[in-house]
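# Structural overview
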Amino acid sequence: MTVSPSPEFVALQQAVAGRYSLDRELGRGGMGVVFLARDVALDRLVAIKLLPPALAGTDALRARFLAEARMAAGLAHPHIVPIHAVEEHGDLAFYVMGYVDGETLGERVRARGPLPAGEVMRVVQEVAWALGHAHARGVVHRDVKPDNILLERGTGRALVTDFGIAHATAAVTTPTGGVAMGTPQYMSPEHAAGAPADARSDLYSLGVTAFLALTGRLPFEASSVAGYLAKHAEEPAPPVASVNPRVPLRLATTVGRLLEKEPERRPDSADALAAELAAARDTVVQLPAPVRGFLRDADGAGGEIATALLVGGAALGIHQVFFADDMFAALVFYPVSAVMMGLALARYGQLVLKARDLVQLGYGHTTVRPAALLQARQREEEDTPVDPAATRHVKRRAAFYAAVGAVKTGAFLWLASIDGPIALNFVGAVGAVTIPAFTIRKLWNDLTRGKNLWGRLMAGRFGRFLFRVAGVGARAERPALPAAGEPTSVVLGHAVEELYGALPAAERRRLSEVPEVVARLQSDIAALRDRADEPGAGERLETAVAALEAIRLDLLRLHAGIGTREELTRDIETARRVGEGVDAVLGEV
């Protein structure tokens, strides 16, 4: 409870006495004072935003504030802070909104600096959903910025506040002498020039917000309002990767499109932006845990096998080229080569055994292939340098490694060839093997960055051969449902929902029957599980789960670019027939 209340606190409490009990002031600025209060009738916390008395005395501003607040009160969305009431009493004008326990995006960035790309992607997607809901109802925010995005404590959910209201009270003079409403640091070029702000202006402001969240700084810096407006109108925004090279390529590209000067070059709508971000998010996490574990282990095995083969091959090559007639050199180089080749073979054998475990669980190469492609595509996008300067840097570094490796190799070859102590010869021989091998490995890593060749090998003939070897004598066994946790049908259903939601809007319209079919299958599976003791229920349960699994795999293939809509449509029809058969059996029982 406030000990020394402000005049606004006292006046507002008198106006709402009996309905709201004010607790304390949460913050204030040029656009209003926000108080934490309790709704007496519903016994819940709310926030009340009071129009500053200096502005409330202006009839035009007061009327506009109330009109915009009432319009925003018509928005109902999980990522929009709800407005419960809009009122005026005497000289007071205010609205009552839901209280969000948490911090603003601006506060989080100021406290922590640049945020992880995955977190920013999620927040921007949720804000885009909110903007899309508002734009569809004719409401434009006009002041999208980090301090108007609340992050709920515990869940991390992003909620947008001050919808359509901020511009009613905040005015700045444009370079052309016009008047625009909003915050100069986040204002779109057309809005800064005095043109009416529309949905695409909100997208530009969201791009500035994303830039700040990813880098910890604004794309433009200026010492005055006019300076900010001029830079937004005239200067191209710097690539986000030039400030933070860790930003994934797809996300950096999306932010760059949001910051385009011409509105028509930005995403078509907030909904289109949300769909684009959904497609960019990791869909591999929806795969079964055994498949994810196998891909993770295979990724590590690839580097170990390659290193062992390079060292072993280098040992054989150096011996044949430089020391073919040297018996002592043969005693060094051949054992090194044999050990390295043996290590590579052993690691490959471990990979075969893990693949065999997958086969016995019912996951073959047809399941792993689309997952490996998805993983490779995601890593390529994250590792590929965004700007040409970064690419040139990689090539220069590769050339440096090659030069250093050549000098060191020559030195060790000289040591291995001179007459002298055996220990010195041994050091020279070992160095002559390891230095070129690890130099080549480093060169390979740099020059193939952004290509993820191992993931593509696993998705291609190499992976197919590995699973063929692993499947010799192996029998696929359908695993039992876990004793605790979500049923398989629920997990698969969630995966299908995520994959379906990540499709482009046009594709979802063409495949509009997917949610209905999946919901029907899940309902049938739940009913069959309840009647598991009845004759034939177990077989029909497996058939229904397999139909659901087929739809999920078709969606994975579609996302990976290796599947077709016709395959998915065919499996949907199969699932529909399975559901009809299950319904008939359940109806007879």
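Note that the structure is a prediction, hence the values are computed from the model and not measured.

### What about the sheet that holds strand 8 (residues 158-160)?
One open sheet holds the three strands; their spatial order is 6-7-8, and the pairing between them is antiparallel. Of all strands in the sheet, those with a lone pairing partner are strand 6 (102-104) and strand 8, marking the two edges. Neighbouring strand axes in the sheet, compared pairwise and without regard to direction, differ in orientation by 30° on average. Strands in contact with helix 5 (residues 117-135) are strand 7 (149-152) and strand 8; relative to strand 8, the strand with the most contacts, it is inclined by about 35°.

### Notes on the confidence of the model for the protein chain
In low-pLDDT segments, the atomic positions of the prediction should not be examined closely. For the protein chain, the mean per-residue pLDDT works out to 75, and 68% of the residues sit at or above 70. The least confident element of the protein chain is strand 9 (residues 171-173), whose mean pLDDT is 43; the most confident is strand 8, at 95. Below pLDDT 50 for its whole length, residues 167-180 participates in 42 contacts with residues either more than four positions away or in separate chains. For the stretch residues 282-286, pLDDT sits under 50, and the model shows twelve contacts to residues farther than four places along the chain or on other chains.

### A word on the nonpolar core
Val 127, Phe 163, Leu 206, Leu 214 and Leu 251 are the most contacted members of the largest nonpolar core, which totals 64 residues. If one sorts the elements of this core by residue count, helix 5 sits on top with ten residues. Counting residues in hydrophobic clusters, the runner-up holds 26 residues, among them Leu 499, Leu 555, Leu 558 and Val 578.

### Some points on the pattern of salt bridges
Oppositely charged side chains can pair when the atoms bearing their charge come close. A full pass over the atoms with the stated rule returns 22 salt bridges. Arg 108 is the salt-bridge partner of Glu 119, the closest N and O atoms lying 2.7 Å from each other. Of this pair, Glu 119 sits in helix 5 while Arg 108 sits in helix 4 (residues 105-112), placing them eleven residues apart in sequence. You'll find Glu 119 and Arg 108 in the same group, each marked buried. Notably, a salt bridge pairs Glu 573 with Arg 576, separated by 3.8 Å at the nearest N-O pair. With Glu 573 and Arg 576 both in helix 23 (residues 565-588) and three residues apart, this pair spans about one turn of that helix. For Arg 576, a relative accessible area of 23% gives the class partly exposed. Each member of the salt-bridge network shares a partner with another, and the members are Glu 8, Glu 25 and Arg 28.

### Notes on helix 1 (residues 7-16)
Given 3.6 residues per turn, any residue in an α-helix points the same way as the ones three and four places further on. Considered for burial, the residues of helix 1 that qualify are Glu 8, Phe 9, Leu 12 and Val 16. All buried residues of helix 1 lie within an arc of 100° about the axis, which places them on one face of the element. Structural note: helix 1 exposes Pro 7 and Gln 14 on the side pointing more than 90 degrees away from its buried face. As for helix 1, its buried residues are in contact with strand 1 (20-29), strand 2 (32-39), strand 3 (44-50), helix 2 (53-56) and strand 5 (92-98).

### Topic: the packing of aromatic side chains
Evaluation of the coordinates by the stated rule reveals three aromatic pairs. Ring geometry for Phe 9 against Phe 35: centres 5.8 Å apart, planes inclined by 70°, an arrangement best described as edge-to-face. Placement of Phe 9 in helix 1 and of Phe 35 in strand 2 is noted, with a sequence separation of 26 residues between them. Each member of the pair Phe 9 and Phe 35 is classed as buried. Both rings, one in Phe 65 and one in Tyr 95, keep their centres 5.8 Å apart while their planes meet at 35°; by these two values the pair is tilted. Placement of Phe 65 in helix 3 (residues 59-72) and of Tyr 95 in strand 5 is noted, with a sequence separation of 30 residues between them. Given a relative accessible area of 1%, Tyr 95 falls into the buried group.

### Observations regarding the sheet that holds strand 2
Think of a sheet as strands paired side by side through backbone hydrogen bonds, with each pair either parallel or antiparallel. Pairing is antiparallel across the open sheet formed by five strands, whose spatial order is 1-2-3-5-4. Across the chains shown, the open sheet's two edge strands, defined by having one partner strand only, are strand 1 and strand 4 (83-89). Adjacent strand axes in the sheet meet at a mean angle of 25°, parallel and antiparallel pairs treated alike. By the bridge criterion, eight bridges tie strand 1 to strand 2 in an arrangement that is antiparallel. Across the sheet, the residue bridging to Tyr 20 is Asp 39, located in strand 2. Packed on one face of the sheet, helix 1 meets strand 1, strand 2, strand 3, strand 4 and strand 5 and runs near 145° to strand 1.

Each value, and the rule that gives it
- Residues numbered from 1 in each chain as written.
- Predicted model: local features only at pLDDT ≥ 70, side-chain atom pairs only at ≥ 80, totals over all residues.
- Heavy atoms only, no water.
- Pairing = 2+ DSSP bridges.
- Helix = DSSP H or I, 4+ residues; strand = E, 2+ residues; numbered from the N terminus.
- Axes fitted to C-alpha atoms, helices over the stretch in contact; angles between N-to-C directions.
- Contact = heavy atoms within 4.5 Å.
- pLDDT = per-residue confidence, 0-100.
- Core = buried A, V, L, I, M, F, W, Y, C linked by side-chain atoms within 4.5 Å.
- Buried < 20%, exposed > 50% of the residue type's maximum accessible area, 1.4 Å probe, protein only.
- Salt bridge = Lys/Arg side-chain N within 4 Å of Asp/Glu carboxyl O.
- Arc of directions from axis to C-beta.
- Phe/Tyr/Trp six-rings, centres within 6.5 Å; stacked < 30°, edge-to-face > 60°.

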